[in-house]
Amino acid sequence: MQAMGETSYNRFMELPDELSQGAIDTHIHAGPWPRVSFPRLDPIQVAEQAKAVGMPGVVLYDHIFGNSASTAWFVSRAVKGIEVFGGLILTSCQDGLNPRAVKNELYYGAGAKFIHLGAACTHFKTSRAGRMVDGKPFLFKDLYPKFAREELARAIWLTSSGS
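Residues numbered from 1 in each chain as written. Predicted model: local features only at pLDDT ≥ 70, side-chain atom pairs only at ≥ 80, totals over all residues. Heavy atoms only, no water.

**Student:** I'm lost on the sheet that holds strand β1 (residues 24-29) in this one. Help?
**Tutor:** Where strands meet in a sheet, backbone hydrogen bonds hold them as pairs that are either parallel or antiparallel. Strand order in the open sheet formed by 3 strands is β1-β2-β3, and the pairing between neighbours is parallel. Each having just a single partner strand, β1 and β3 (83-85) make up the two edges of the open sheet. Mean inter-strand twist for the sheet, computed between neighbouring axes without regard to direction, equals 25 degrees. Bridge count for β1 against strand β2 (residues 57-61) is 4 bridges, and the pairing is parallel. From the neighbouring strand, I24 faces β2, where its bridge partner is G57. Running over the sheet, helix α3 (residues 69-78) touches β2 and β3 and is turned about 165 degrees from β3. (Pairing = 2+ DSSP bridges. Helix = DSSP H or I, 4+ residues; strand = E, 2+ residues; numbered from the N terminus. Axes fitted to C-alpha atoms, helices over the stretch in contact; angles between N-to-C directions. Contact = heavy atoms within 4.5 Å.)

**Student:** Sorry, what's going on with the packing of aromatic side chains here?
**Tutor:** How two aromatic rings sit relative to each other is given by the distance of their centres and the angle of their planes. Taken as a whole, this structure holds 4 aromatic pairs when the rule is applied. Ring centres 5.4 Å apart and planes at 65 degrees place the aromatic pair F140 and F147 in the edge-to-face group. Residue F140 is classed as partly exposed on the basis of its relative accessible area of 23%. By way of ring pairs, the aromatic residues F140, Y144 and F147 are connected into one cluster. (Phe/Tyr/Trp six-rings, centres within 6.5 Å; stacked < 30°, edge-to-face > 60°. Buried < 20%, exposed > 50% of the residue type's maximum accessible area, 1.4 Å probe, protein only.)

**Student:** Help me understand the packing of helix α2 (residues 43-52) against α3 in this model?
**Tutor:** The description of two packed helices rests on the angle between their axes and on the distance between the axes. Contact geometry for α2 and α3: axes closest at 10 Å, N-to-C directions at 50 degrees. Comparing the axis directions of α2 and α3 gives the class oblique. Pair α2 / α3 crosses with right-handed handedness. On α3, the residues that touch P43, I44 and A47 of α2 are T71, V75 and A78. A breakdown of the residues in the contact of α2 with α3 according to their chemical character gives 5 nonpolar, 1 polar and no charged. (Parallel < 35°, antiparallel > 145°, perpendicular 65-115°, else oblique. Left-handed = near helix turned anticlockwise from the far one by under 90°. Nonpolar A, V, L, I, M, F, W, Y, C, P; charged D, E, K, R; others polar.)

**Student:** Which parts of the structure should I look at to understand helix α4 (residues 99-106)?
**Tutor:** Each α-helix turn comprises 3.6 residues. Residues three or four places apart therefore point the same way. Within α4 the residues assigned to the buried category are A101, V102 and E105. Taken end-on, α4 shows its buried residues confined to a sector of 100 degrees, consistent with a single buried face. Seen from the open side of α4, the exposed residues pointing more than 90 degrees away from its buried face are P99, R100 and K103. Structurally, the start of α4 carries an N-cap: the backbone nitrogen of R100 is 3.1 Å from a side-chain oxygen of N98. (Arc of directions from axis to C-beta. Polar contact = N/O pair within 3.5 Å; in protein donor to acceptor, adjacent residues only side chain to side chain.)

**Student:** Would you mind going over unusual backbone geometry with me for this structure?
**Tutor:** Working note: non-glycine residues mostly have negative phi, and peptide bonds are mostly trans. You will see that D134, though not glycine, has its phi angle at about 50 degrees, which is positive. Mapped onto the elements of the fold, D134 is located in the loop between β6 (130-133) and β7 (136-139).

Given below as structure tokens:
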């Protein structure tokens, strides 16, 4: 077995670009980002880098607002030579399971290319969301009555029985 030398290192660094050629990444989170997140690439930077390694397209996701079709439309105008797709995540910002939001998104900009149920807005995830207080875990629903009243009430149930 050969030790990792310059040749191995270069191959390791080049391999992701080689594997990306001709591929379409179907799930990319690009800014804007909440202030608590580490800075990452914005959607235009994502498209430029994907194009530079030979990717024909990318699919943008936006978990904060749920709508990436409009972002994809703008990025497509700014970065030529790559297809940029977006869609809609049915988050609580979009009122959960909202047929009107879906209909609007299908005809907005270049149109949504996906509709996704927002995992962070399901009752399962929302009822288990929390934070540490003095080194101990607390659920938001127990810390904040308004959160329990408003967020849990509109969280998406993904079972047929509603439990």
